[in-house]
Amino acid sequence: MKSLYSKFVIITASIMLLSSVLAFLGSNLYYQQKLKPSNDAKNTEIALDIAEFINENPHIQLSDYLENIAEVGYQIYLVDAGDTERFFGAAFRDTALKNEVKAQVLNGEIYHGMRQFPKQTFVTGFFANELTNTIGVPITHNSKSYALFLRPDIKLLFNEMHLLLAWLLALTILLSIVLVLFSTNYLVKPISSLTAATKALAAGNFHPKLQTKRNDELGELSKSFLQMAQKLEQLDDMRKEFISNISHDIQSPLSTIKGYTGLLEQDSLTSEEKVQYISVINSEINRLSILTKQLLLLASLDRNEDMMKAQRFHVGKQIENLIKTHQWAIRERDLMITYSLPDITITGDPSLLSTVWDNLLTNAMKYNKPGGTIDVSIKVAHDYLVVSFQDTGIGLSTSQQKRIFDRFYRADTARSQTVEGTGLGLSIVSTIIKLHNGEIKVDSQKGEGTLFQIKLPIS
Ligand code: ADP
């Protein structure tokens, strides 16, 4: 596996290489289109000036004059009709020049060797130290015709510039390579620490060390990672608490059952005692059965959000039927129930919603006071309905209200009053309501009573 570091370095180096090639091609185009012709024109003007001066001043020593010109930075080639050649200034690397070119210039034409220099030779053609890469002008000195070819002595003119540019280029490349190596390290390091943190998290360490000071996407990622680790720790704690709660809630009825079956083995039991013990065992078995049913329901609600089998049904009728099945138990607890349930249909899962109403109604019965009342109502507003369960029971404090939807939470009063329950009912209720895109609200006064309100979209 190639490391991110080496990939980054390779990519950056390739980008640098590609851009230099493109820059070279671009500057070459510019040289061919603009610089080459203008360089040719500039040098033609100089050559013509020199020719004019020579033509107009027959008394000067031609060789001395050209020697002087060469010294200020030109390479010069002089040839006459008799093919006598003379060179001034630095030597040409290649002195080949077609005879017909010489003849043309001797005949009075101007030779534009710079402009005609082959296109293939990129921008480097500018530096080609060849006789063909010159400007040729005819001159007449003391009535004798010559052809004068000249080009600037690049070495002389550009030597310092050359060195400066070369240094600039070399230093730029070197520095960028060094800086890329460092900056890549700066970029890649947090990713490596994130990888280490991920491994630590997988091994169960919820507090991995991570730098979150960076003000960029990587800093943001580290922060999110730590938040995620914190969430996972909370989930892990919840899972542990959940398991310990279940174990406790299974263990305690089992111990009771074990104790009472032991008592049943005694021979000296009266038949009343037997009936009493068996009824205790039965109610503990019932508790276990309710607990496992609720756990199974919660597990399937957790696992799969698509378990809803939605259909249109009469919710008012459903709640009314439920009240009828509990009528007897309500009367037995010395409670009174009133209800106002208009016949309204909604879209939802009838079986899951029946669980909701059942939980709220049995809670209103369980946590009520003798002689207390329960009121159930449905109100329709716009495209939703509100189902209310109001009781005049023991009520809940504000801090208890905040926790009643937590799994296994039971308010102290409920526990102390030895009311049967698992603490799972309301968490099941709120999960089902969420599945239906609804809301559940609780409003309660300690010792006065409790109101549960459920808002459900009608379709
Ligand atoms: P349980 O199985 O204990 O009834 P729930 O999840 O249904 O579990 O309720 C959680 C706790 O909320 C109950 O133990 C009780 O303390 C409190 N509670 C629920 N409904 C009422 C109510 N109508 N009045 C007072 N307290 C209630």
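Residues numbered from 1 in each chain as written. Predicted model: local features only at pLDDT ≥ 70, side-chain atom pairs only at ≥ 80, totals over all residues. Heavy atoms only, no water.

Chemist: How should the packing of aromatic side chains be read in this particular structure?
Modeler: What describes a pair of aromatic rings is the distance from one ring centre to the other and the angle between the planes of the rings. Applying the stated criterion to the full structure yields eight aromatic pairs. When the centroid spacing of 6.3 Å and the interplanar angle of 20° are considered together, the rings of W357 and F389 count as stacked. Residue W357 is located in helix α9 (residues 350-366), and its partner F389 is located in strand β10 (residues 384-391); the two are separated by 32 residues in the primary sequence. According to the relative accessible area criterion, W357 is buried, its value standing at 0%. It is R214 that lies over the ring of Y186; its NZ or CZ is 4.3 Å from the centre. Residue placement shows K455 over the ring face of Y384; its charged tip is 4.3 Å from the ring centre. (Phe/Tyr/Trp six-rings, centres within 6.5 Å; stacked < 30°, edge-to-face > 60°. Helix = DSSP H or I, 4+ residues; strand = E, 2+ residues; numbered from the N terminus. Buried < 20%, exposed > 50% of the residue type's maximum accessible area, 1.4 Å probe, protein only. Lys NZ or Arg CZ within 6 Å of the ring centre and 35° of its normal.)

Chemist: Could you clarify how one ought to interpret the site of the ligand in this entry?
Modeler: Looking at the ligand, there are 19 residues lining it, with N363, Y367, R410, T422 and L426 nearest. With respect to the ligand, the backbone of G423 contributes an N or O atom lying 3.0 Å from an oxygen atom. Within the contact set of the ligand, an oxygen atom lies 3.2 Å away from a backbone nitrogen or oxygen of G425. Considered on its own, the ligand offers 520 Å² of accessible surface; in the complex 99% of this is hidden by protein. (Near = heavy atom within 4 Å. Polar contact = N/O pair within 3.5 Å; in protein donor to acceptor, adjacent residues only side chain to side chain. Areas by Shrake-Rupley, 256 points an atom, 1.4 Å probe, with all protein chains shown as cover.)

Chemist: So what exactly am I meant to see when it comes to the pairing of strand β5 (residues 144-152) here?
Modeler: As a general feature of sheets, a regular strand has side chains that alternate between the two faces. Most of β5 sits inside the fold, with seven of its nine residues counted as buried. Sheet topology places strand β1 (residues 74-80) next to β5; seven bridges connect them, and they run antiparallel. Note on β5: the bridge partner recorded for Y77 is F149. Pairing between strand β4 (residues 135-141) and β5: seven bridges, direction antiparallel. (Pairing = 2+ DSSP bridges.)

Chemist: Sorry, what's going on with empty space enclosed by the protein here?
Modeler: Using a probe with the size of a water molecule, rolled over the atoms, empty space left in the structure can be pinpointed. Evaluated as defined, the whole model comprises two cavities of 30 Å³ or more. Approximately 60 Å³ is the volume found for the largest cavity. Together, 10 residues line the largest cavity, and Y31, N39, M114, F126 and N133 are the ones closest to its centre. If you list the elements that add at least two residues to the lining of the largest cavity, you get α1 (4-56) and β5. Examining the composition of the lining of the largest cavity, we find that three residues originate from one element, α1, more than from any other. Among the residues forming the lining of the largest cavity, the class breakdown is five nonpolar, three polar and two charged. (1 Å grid on protein atoms, 1.4 Å probe; cavity = no way out; pocket = protein on both sides within 12 Å on 5 of 7 lines; lining within 4 Å. Points joined across faces, edges and corners; volume = space filled by probe spheres on them. Nonpolar A, V, L, I, M, F, W, Y, C, P; charged D, E, K, R; others polar.)

Chemist: In this structure, what is going on with helix α6 (residues 217-264)? I would like to understand it.
Modeler: With 48 residues, α6 extends 70 Å between its outermost C-alpha atoms, agreeing within 8% with the 70 Å of an ideal straight helix rising 1.5 Å per residue. Those residues of α6 not exposed but buried are L218, G219, S222, F225, A229, D236, I246, D249, P253 and I257. (Expected span 1.5 Å × (residues − 1).)

Chemist: Looking at this structure, how should I read the packing of α6 against helix α7 (residues 271-303)?
Modeler: Angle between the axes and distance between the axes: these two values describe a pair of packed helices. Where α6 contacts α7, the axes come no closer than 9 Å and their chain directions differ by 160°. Looking at the two axes, α6 sits roughly antiparallel to α7. As α6 runs across α7, the sense of the crossing is left-handed. Taken together, the residues of the contact of α6 with α7 break down into 17 nonpolar, three polar and four charged. (Axes fitted to C-alpha atoms, helices over the stretch in contact; angles between N-to-C directions. Parallel < 35°, antiparallel > 145°, perpendicular 65-115°, else oblique. Left-handed = near helix turned anticlockwise from the far one by under 90°.)

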